[in-house]
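In case you want the letters, here they are:
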Amino acid sequence: ALTFDDGPGPSTGTLLDTLAAQNVHATFFVIGRNVQALSGLVKREAAEGHVVGNHTWSHRDLSRLGASEQSGEVSRTAEALKALGVSATVLRPPYGAFNATTRTLGLPLVLWDVDPADWRDRDAATVASRVLTNTRPGSIVLLHDIHPSTVAAVPAIVAGLKAKGYTFVTVPQLVGTMRAGTAYFSRTSHR
Ligand code: NI
């Protein structure tokens, strides 16, 4: 399952073109404060068969916030998405940071088991190589569609994984039944 965080952004449309051309469905964890200005891209994500998830309103570290602040970060984004007709049923906590309070927010938490550090190393070939090397059956791959270098890596990622026999699914398709408050790292790893 390819996942794309922190958007939507200026490169998201290009990514959607690539995914559509390859018939690949992904999961997008959007930042609430980005949603309104680029609402057309969020609607397009949902309309083209991708899953849209909640990545909080302003990308704060939830593990450092109290219960009401955590709830606000998530609910404000949920409302912005709801206004577009999009229901977000999964939450990715920024930085992968969460605590017991985060588990009470009513959504499954989606983490990852493949991280090519694309936010740090803005080189498409490096990012693609790391994904192809580290992906296993059932993996959840962390990527960021706000970086043009990552969007540029996606054709090679898709081609390389298809050549290894992988098929692409959304996170809910990968995991199956997901429970609120459980953190999912791959198809088989959760806690
Ligand atoms: Ni993020």
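Look up: the structure comes first, before these words.
J.: So what's going on with the overall build of the protein chain? Residues and values would help.
T.: Within the protein chain, the regular secondary structure consists of seven helices and six strands. When the helices and strands of the protein chain are listed from N to C terminus, the series reads β-α-β-α-α-β-α-β-α-β-α-α-β. Computed over the C-alpha atoms, the radius of gyration of the protein chain is 15 Å, within 12% of the 16 Å expected from 2.2 N^0.38 for a compact globule of 191 residues. Per-residue burial over the protein chain gives 52% buried out of 191 residues. Residue pairs at least 24 apart in sequence account for 71% of intrachain contacts in the protein chain once pairs closer than 6 positions are excluded. With the model as given, the accessible surface of the protein chain reaches about 8300 Å², and the carbon-plus-sulfur share is 50%.

J.: Account for the layout of surface pockets, naming residues and giving values.
T.: Quantified by volume, the largest pocket comes out at close to 240 Å³. Along the wall of the largest pocket there are 14 residues; nearest its centre are D6, H59, Y95, W119 and H144. Residues of the lining of the largest pocket, tallied by class, amount to six nonpolar, four polar and four charged. By volume, the second largest pocket is sized at about 170 Å³. Around the second largest pocket sit 15 residues that line it, and A1, G138, S139, Y166 and T167 are the ones nearest its centre. When its residues are assigned to classes, the lining of the second largest pocket shows nine nonpolar, four polar and two charged.

J.: So, the coordination of the nickel ion: which residues are in play, and what are the values?
T.: Within the first shell, the nickel ion binds the protein through D6 (OD), H55 (NE2) and H59 (NE2), at distances of 2.0 to 2.1 Å. Here the donor residues for the nickel ion map to a single chain with the spacing D-x48-H-x3-H. No difference in accessibility class separates H55 from H59, as the two residues are buried.

J.: Can you break down the nonpolar core residue by residue, with the values?
T.: Ranked by size, the top nonpolar core spans 29 residues in total, and within it L2, F4, L19, F28, L81, L143 and I157 carry the most contacts. With six residues, the single largest contributor to this core is helix α6 (residues 148-163). The contacts of F4, once residues within four sequence positions are left out, are L15, L19, A26, T27, F28, F29, L143, D145 and V154. The next biggest cluster of nonpolar side chains, apart from the first, holds eleven residues, and it includes F29, V51, V90 and V171.

So, how was this worked out
Residues numbered from 1 in each chain as written. Predicted model: local features only at pLDDT ≥ 70, side-chain atom pairs only at ≥ 80, totals over all residues. Heavy atoms only, no water. Helix = DSSP H or I, 4+ residues; strand = E, 2+ residues; numbered from the N terminus. Rg over C-alpha atoms; globule rule 2.2 N^0.38 Å. Buried < 20%, exposed > 50% of the residue type's maximum accessible area, 1.4 Å probe, protein only. Contact = heavy atoms within 4.5 Å. Areas by Shrake-Rupley, 256 points an atom, 1.4 Å probe, with all protein chains shown as cover. 1 Å grid on protein atoms, 1.4 Å probe; cavity = no way out; pocket = protein on both sides within 12 Å on 5 of 7 lines; lining within 4 Å. Points joined across faces, edges and corners; volume = space filled by probe spheres on them. Nonpolar A, V, L, I, M, F, W, Y, C, P; charged D, E, K, R; others polar. Donors = N, O, S within 2.8 Å, 3.2 Å for Na, K, Ca; no water. Core = buried A, V, L, I, M, F, W, Y, C linked by side-chain atoms within 4.5 Å.

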